[in-house]
Every structure is written in C-alpha cells, then in structure tokens.
Amino acid sequence: MVATLVKLRFLVLRNSLKRSVWQLVAVIIGAVYGLGILGVAVAGLVALGFAPTELATTVVVLAGSAVVLGWIVVPLVAFGVEQTLDPARLVVFPLPMSKLLVGLTAAGVLGVPGIVTSIAALATIATWIRSPFAAVAAAVCAVLAVLTCVVGSRTVAALSTSLQSRRRFRELAGILVFIPLILLGPIIVGLSRGIALSADALPGIARALSWSPLGAPWAVPADIAIGDFGAAGLKFLIALATLALLVVIWRWSLGVALVSPVSSGGKRVARGKTGLFGVLPATPAGAIAARALTYWRRDPRYARQLIVVPLIPVLLWFYSNNMGSLALLNAAGPIIAFLLALGLYTDISYDGTAFATHIADGVRGRDDRIGRVAALAIIAVPLVILITVGSVAVSGSWSLLPMLFGLCAAALLGGFGVVSVSSSQLIVPVPAAGDNPFKSAPGAGFTTALSAFATWGVLLLLMIPASVLAVLSLVFSSVLLGWLTLVVGIVLGTVFFVIGVRIGGAQLDQRAPDLLVRLRAQRSAA
Amino acid sequence: MSDHSAPVPAAAPPAMSAPTAVPGPAAASGPASAGPPALQLTGLTKRFGEKVAVDDLSLTVPVGSFYGLVGPNGAGKTTTLSMATGLLRPDAGQSLVHGVDMWRDPITAKSLVGNLSDGVKLFDRLTGEQLVTYNGLLFGLDRAEVAERVGDLLKLLDLEQAAGTLVVDYSAGMTKKIALACALVHAPRLLVLDEPFESVDPVSAANIRDILTGYVQNGGTVIVSSHVMDLVQRMCDHVAVVAHGRVLVAGTVDEVRGSSTLEDRFVELVGGRTHAEGPEWLRRS
C-alpha cells in the first residue's frame, strides 16, 4: 500500500513532465539548482567538521531551523502546488488512516525536496564525526528532523485545507502572500544589513532556537559533542515530542478534512440589492461596467492587478532612497497608469465561457468595450491622480505636475484603446475563476508573456509623442512644455481610445462566436 | 450509420407539415402559423477537424410548438442549437428565427431568442438577482421593467430565498433555474433550452414544465434538447431524433413514436442497444 502510494507519486510526476517539454526543462533547471545548493550545503557541513564546535553549533542550528520553518510555511504560501497526492482524492479508497499517514510521509520524503533535505541532514554526521557519539546522534536526529519537516508540512497543509474550504479566505490569501514576495528584494537588503550589524547576537539566537521544536533535533549532537548529555537528552525529548504531536494533529485534521469537502463561503446579501447595477446607467454598456466592477471586487484575478498600486511607490521610494534623490518617485503615477490600463489586455479570457452570455444576448461590440473600459477607468483614474499628486507632494516638485498628468493621460487613454483591441483578439490561458490567481494555467507562460509584451510595446509606441515632450520639458526645465505634454496626452490619448473602441467593437461584432470556440477549447484543455 | 439514416428523413419531414389535431397548445396558437416558422434551420453543417459534428441538418420548428430534440450523446444536439442561436458559426447553412437570419442580422434575431446553453459558464460571481438583472439590461430593458421582471422570475422559479447568494454557490439545479430566468427575462418569442432538466430536482422540473407549457399556450415556441425520452414524450408536441449530426426523423410526437413508446422508437432508430449482462464477477454481488 505504502509502496503503491510512492509509486503513484512518481508516476504522476513522470506523466506531468511528459505533457510539456518546457515543464521538463523547468524541472531540470530546478534540479540542477537544487543539486548546486545541496553540493554547497554538504561541502559546508563537512567543512564545519574542522571548525570550532561553537561555530558549527550556531550554523547547523540556525540553518536547520530555517529548513524546518521553510517546510512548514511553504504549503501555506503555495496553495495547490503539491497536489500529487492530495488526500482528498484518496478518500474514495478503503485505506486505513495509519497506512495513509505512512504512505504520505514516505512519498513526501522521497520527493525532490525531501531527498535534498535528507541528504543535507545526513551530512551533519560529517560535521560531528570528531565525536563518535555525536555522529551517531546526528544520524538519528537527521531522520527525526526530516520526518518533522515532512510531517509538519503535511499537517499545515491539512489544517489549511479546512481554512481553504472557505472560498473567500482562499482567494484573499493567495494575493496577500504575493506582497512580501515582491518586496523580497528590499526585505533581503534590510535583513542582511540587520544581520551584519548583529552577527554577535547569532550564537544567542541559535541557543534559544535549540530549545525550540525547530532547532532541537539539530542541537542534540552539538550538546553531545561538548559533553552536555543532560541538555542533549532534553532536546531529544523535545524533538521527539514535536514529531509525535505533529502526527497526532495531522491525523486529526486529515480525518476532519476528508469528511468536510471544499464548501462555499456562503456570503449572501438581501433580496433586492443589486449593488452597482442600481447605480450605473441602465444601458448595456452601464450593465457591463457594473458587472466588471463587481468582479474587480469579488474575483481575485482582477484584484490582483491592484497590487501594483501600493508596491510601485514603495519600490520606487526604496530605490530612490538608495540613490539619494526622490526624483524617481515621480514616475510612480505614469507607471501605475501604464500597468493598470493594460491590466485588461485579455479581459475576455477572464470571462471564460461566460462570455457566451454577451453573444447570446446580442450585445454590440462597442457597448462591450465601453463597459469594460469604464469599469477600469472608475478604478484607475482616481488612483492614478491620487498617486501622482501624492508623489509630487512627497518629492516637492509641483512644477512637474502637468507633465506627469500628461503622461498618465497618455498611458491611461492610450492603454484603454490598446486593450479594447487586444482583448477582442487575444485568448490566452488564464487561471479559472476561483483558482489561485497566481497559478499559471496549463499552456500559459510563453504565449501569455509574448502577447502581454506585444500590448506593452504598442502602448509604448502610442505614448511616444507625450513621452518626447515630457523628456524635453525635463531637459529644458520648461513648464510650458509640461503643459503641452498634458494637452497632447489628453488629445492624442482620446483619439487612440476612440479608435481602439471602434476597431475592437467591430472585431467583436464579427468574431465573437469564434472567440467563444477558443474559450471552450481552452476550458476543455485545462 | 448512413445506410439506414438516409431514407428516413426523406419520408418523415413531409408528414409533419400537416399536424393532426392531437397537440392542443400548437393548435391553440393557430393564427401565428401564417407567418414564417419560429425557427428554420437549413443545411446546417459544422466540422471539427476530421469529425463532422452536424451534417447538412435541416429542421423546421413551427410557431407555438413545444419541440423536443433528442439524440444519443455526441449526436450534435448542442452544436446544432449553438449554431441556431448565434453562439457557433456554421460552416454552411442558415438559421432563421421568425424569418430573421441569425448570422446576417444577429442583434434582431437574438432579441427574439431566449437561450439556455449547456456547457458554458455564467457570470457566477454575481448574485442570482444581479445575474438576471444583468441579462435584462444587456437586452436593453429599462431599470424599472427589469426589476419587476426579475422579481416575477425569481418567484416563479422559487429562487427568492437564494436571490442574494452568489451563483457560484448555487447547486447544479439552482444554476439551471437561474439560467432559465436569464433566458426568459426579455420575453423572447422562441426559447432554446439545451438540457434544461439536467440535475434539476423533480419538483422544480415539474414547475419548469408548467412554466414552459404556459409559455407555449400563450403563443411562444420552445425547443428543448434532452435525452430523457419519457420527459419529451410527456411534455413536447413535436420531436426530432438526431444522430450523427443528422435528423433521423421529425414530426409530432405521435407520428414519430407510432404505436410504441418514444424510447423504444428512439432505440430502434439510433441502435446501439446491447444486451450483455456484464462480466460474471459483477453479477455475483
């Protein structure tokens, strides 16, 4: 039974690799990367065998704790990444719980991350080889640590399943988790500065961690090596108790998760409340705008695009701080305008086959275009104005305001025109509504990136007149040229917008059923 | 398959042009029969690569009829209805809705049709009430009119309790019902319903049947695709049997079934019934 589960795991991995060459390439690159890290880690651990015990203890405990923490945090971050042996799919088979637990653990240990962790953990034997007792303890504790990693990650996954079964949480968490990822660069810089300052504190941190469930298994051989058998025994007990406790929790939460399937959030409003449909004009275009705005709020795939709004200013502020001038911050408004305007470049792909409603109801292409852009404008225009004014206020360069508004107008209006055309043409694979918005749909990646860059390129071309004027106004510090940028941005942008809606609307009138065919094909492929 | 399907349609269509006095609702809407048929499909053809999904299919649906479209899985029912309602471009052929060409003048034609299609999603992040309102507004109705009709439809389909719930949280049967409400909101003259009774509970199905029957009695026309023969026999006055993208036989239900039941006649026409009892180990339990 256990062997069957492990075999199944490798079979699924092999088949998913067979499906796509690019996925195989990605896995090979990942494996090379993993092997590289493993090689460095093993070499380091062996080398530590020749270092002072104090240093070896600090490094092993800190690194080991980080590894355990990583294992436990990853399933929280990456919903739906490791679904190879999703317990929910095994529920139909008559498996006793204990066998299921052993099988899932074995499959976890034998996965790529599990193997890498195991080898690195066993390499600590080399670190403590000078003291035979410690080396033996290291072997035992390595097994204990790896099991803690695997079981811990499974426990967290099983626990989060019950949280994930609330749709609202699942959708939100997927987005919130992304913010620290984008800010990773600044965070790492900040952390490394902090660590450089507090290198003296590290042994203390390691000592504290060694008494915690994260560090205990790694600290046992270290204590034995310096002859502190009492501490070693206690820490071994801590490690053992941690593992036992995790198994108990896992067993319990798996039992719960298996009988309570993913269910709805159950959000409901009172009868007669049609929200934005009662506010926006009662025309087809108005209804489409109301629908799109409702989706901006309820569908995380749209809300995700708003992440750039807080992030761009933060990133720009960070980098301009490093450069010692706040000038860079002024670019926040135009950049956000650019990114937000292009957010809809493949809007119909997000509709999926629900787009059939528009076709069946005989919606004119023009109304469809205007409605979608109006929803975007209602969100983007106030945000862009706010950010632009705010950035100018912070950097104290009010004279640049007309020029910046000109660039924003060129980006927003031109972008509206570009997406009106592009989204009537492009159908790219996107995650379905309700999936993790960052999960890439099968077949996505290359085509998506290509078409996204194409729309970026077109919009950049359309922005050339305004951009040239903006640069000139900066070079000559000319307020007049700044105002000219504003006029050109608005006038040319409006022209591009009208043309875009015309072309996109006409295309939609002609080709909407053909788009639906592609949407259907995509759904069956997914 | 073509060997036995060829002669049948040649014989069947003429028979249906003179319906007998049996179907009550169709006869009740007598005056409308003077104009063009509610739906006329002529020579519809669709290929998906090598596979011919719909093969030169012609069908006439008289005004005021309750028309059943039956056929085995993969017969081309959904493809046919998609082409008839403007969701799928035919390779050849024509679809006329009350004389309006669906592919020449789609906006006028679509305003005459209420469509419930199988296998497409709804905008399911809206509440049920919002979704029906959305459809009403897309058809160009004004706000007060939409609000009144949405209220009526929710009541009619017993969805008032669920009006404020997101459609994504609906059960399969409730989703069908809200889709039906969306198809009805603009008071179409022709209803095209693809598998409307799939996963609908018996009480709701009976209610929907009553609504549709009433709609037909008031002069509307309904086409329903289904593979539940019993339902079609009880509910519809006309029926067409489709297989391999062709109409095998079409006419009033009584003409098509003759002296046997519709189900027996269907099996006889379509074939493929096997009488194996399954492997021995499966019969032991």
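What you are looking at is a predicted structure, and each value in this text was computed from that prediction instead of being measured.

Draft legend 1. Main features of the overall build of chain B. Counting its regular elements, chain B contains 13 helices and 10 strands. Looking at chain B as a whole, 53% of its 285 residues are labelled buried. Residue pairs at least 24 apart in sequence account for 68% of intrachain contacts in chain B once pairs closer than 6 positions are excluded. Of the roughly 12,100 Å² that chain B leaves accessible, carbon and sulfur atoms contribute 53%.

Draft legend 2. Layout of the interface of chain B and chain A. Contacts between the two partners involve 41 residues from chain B and, on the opposite side, 52 residues from chain A. Along the contact surface separating chain B from chain A lie 1 salt bridge. Asp 514 of chain A is paired through a salt bridge with Arg 89 of chain B; the nearest N and O atoms lie 3.0 Å apart. Contributions of two or more residues to the side of chain B that touches chain A are made by α5 (106-112), α6 (128-138) and α7 (143-156) of chain B. Ranked by residues supplied to the side of chain B that touches chain A, first place goes to α6 of chain B with 7 residues.

Draft legend 3. Highlighting the packing of helix α21 (residues 365-395) of chain A against helix α22 (residues 401-422) of chain A. Residues and elements named next belong to chain A. Look at α21 against α22: their axes get within 10 Å of each other, and the N-to-C directions meet at 160°. With respect to α22, the axis of α21 lies roughly antiparallel. Between α21 and α22 the crossing geometry is right-handed. Contacts from Arg 369, Val 373, Leu 376, Ala 377, Ala 380, Val 381, Val 384, Ile 385, Thr 388, Val 389 and Val 392 in α21 reach Leu 401, Leu 404, Phe 405, Cys 408, Leu 412, Phe 416, Val 419 and Ser 420 in α22. When the residues that make up the contact of α21 with α22 are grouped by side-chain class, the tally is 16 nonpolar, 2 polar and 1 charged.

Draft legend 4. Layout of helix α8 (residues 172-184) of chain B. All names here are of chain B. The end-to-end C-alpha distance of α8, which contains 13 residues, comes to 19 Å, matching closely the 18 Å that a straight helix rising 1.5 Å per residue would cover. Within α8, 10 of the 13 residues are buried, which leaves the element mostly enclosed by the surrounding structure. Looking at α8, one finds that the buried residues are Gly 173, Lys 176, Lys 177, Ile 178, Ala 179, Leu 180, Ala 181, Cys 182, Ala 183 and Leu 184.

Draft legend 5. A look at the sheet that holds strand β8 (residues 221-226) of chain B. Residue and element names in this part refer to chain B. Judged by pairing direction, the sheet is mixed, and its 6 strands sit side by side in the order β6-β7-β8-β3-β9-β10 without closing on themselves. Every interior strand has two partners, whereas the edge strands, β6 (113-116) and β10 (246-252), have only one. Each adjacent strand pair in this sheet contributes to an overall mean axis angle of 15°, direction not counted. The pairing of strand β3 (residues 66-70) with β8 spans 5 bridges and is parallel. Within the sheet, the bridge partner assigned to Phe 66 lies in β8 and is Val 222. Where helix α12 (residues 262-270) meets the sheet, its contacts fall on β3, β9 (238-243) and β10, and the angle it forms with β9 comes to roughly 30°.

Draft legend 6. Geometry of the pattern of salt bridges. Residues and elements named next belong to chain A. Following the criterion strictly, the structure yields 17 salt bridges over all chains and no others. Here Glu 54 and Arg 207 are joined by a salt bridge, their closest N and O atoms 4.0 Å apart. A residue pair is termed long-range when its members are at least 10 positions apart, and Glu 54 in helix α3 (residues 53-77) and Arg 207 in helix α12 (residues 202-210) qualify at 153 residues. For Glu 54, a relative accessible area of 48% translates into the label partly exposed.

Draft legend 7. Expanded view of the nonpolar core. Judged by nonpolar contacts, the single largest core of 112 residues is most densely connected at Ile 178, Val 222 and Val 241 of chain B. Per element, the largest residue contribution to this core is 11 residues, and it comes from α22 of chain A. Contacts of Val 222 of chain B, omitting those with residues within four sequence positions, involve Ser 65, Phe 66, Tyr 67, Leu 191, Leu 193, Leu 212, Tyr 215 and Val 216 of chain B.

Draft legend 8. Broad picture of the pairing of β8 of chain B. Residues and elements named next belong to chain B. The buried fraction of β8 amounts to 6 of the 6 residues, a majority that puts the element mostly inside the structure. Here β8 shows a buried face lined by Thr 221, Ile 223 and Ser 225 and a second buried face lined by Val 222, Val 224 and Ser 226. Relative to β8, strand β7 (residues 190-194) is paired through 5 bridges, and the arrangement is parallel. For Leu 191, the partnering residue across the bridge sits in β8 and is Val 222.

Draft legend 9. Main features of the sheet that holds strand β5 (residues 100-101) of chain B. Residues and elements named next belong to chain B. Read from one edge to the other, the open sheet built from 4 strands follows the order β2-β1-β4-β5, with strand pairing classed as antiparallel. The sheet is open, and its two borders are formed by β2 (51-61) and β5, each paired with just one other strand. Two strands pair when backbone bridges link them, and strand β1 (residues 39-48) and strand β4 (residues 92-97) are joined in this way by 5 bridges, in the antiparallel orientation. Residue pairing in the sheet places Gln 40 in a bridge with Leu 96 of β4. Helix-sheet contacts for helix α4 (residues 77-84) involve β1, β2 and β4, and the interaxial angle to β1 is about 120°.

What counts, and where the lines are drawn
Residues numbered from 1 in each chain as written. Chains lettered and ligands numbered in written order. Predicted model: local features only at pLDDT ≥ 70, side-chain atom pairs only at ≥ 80, totals over all residues. Heavy atoms only, no water. Helix = DSSP H or I, 4+ residues; strand = E, 2+ residues; numbered from the N terminus. Buried < 20%, exposed > 50% of the residue type's maximum accessible area, 1.4 Å probe, protein only. Contact = heavy atoms within 4.5 Å. Areas by Shrake-Rupley, 256 points an atom, 1.4 Å probe, with all protein chains shown as cover. Salt bridge = Lys/Arg side-chain N within 4 Å of Asp/Glu carboxyl O. Axes fitted to C-alpha atoms, helices over the stretch in contact; angles between N-to-C directions. Parallel < 35°, antiparallel > 145°, perpendicular 65-115°, else oblique. Left-handed = near helix turned anticlockwise from the far one by under 90°. Nonpolar A, V, L, I, M, F, W, Y, C, P; charged D, E, K, R; others polar. Expected span 1.5 Å × (residues − 1). Pairing = 2+ DSSP bridges. Core = buried A, V, L, I, M, F, W, Y, C linked by side-chain atoms within 4.5 Å.

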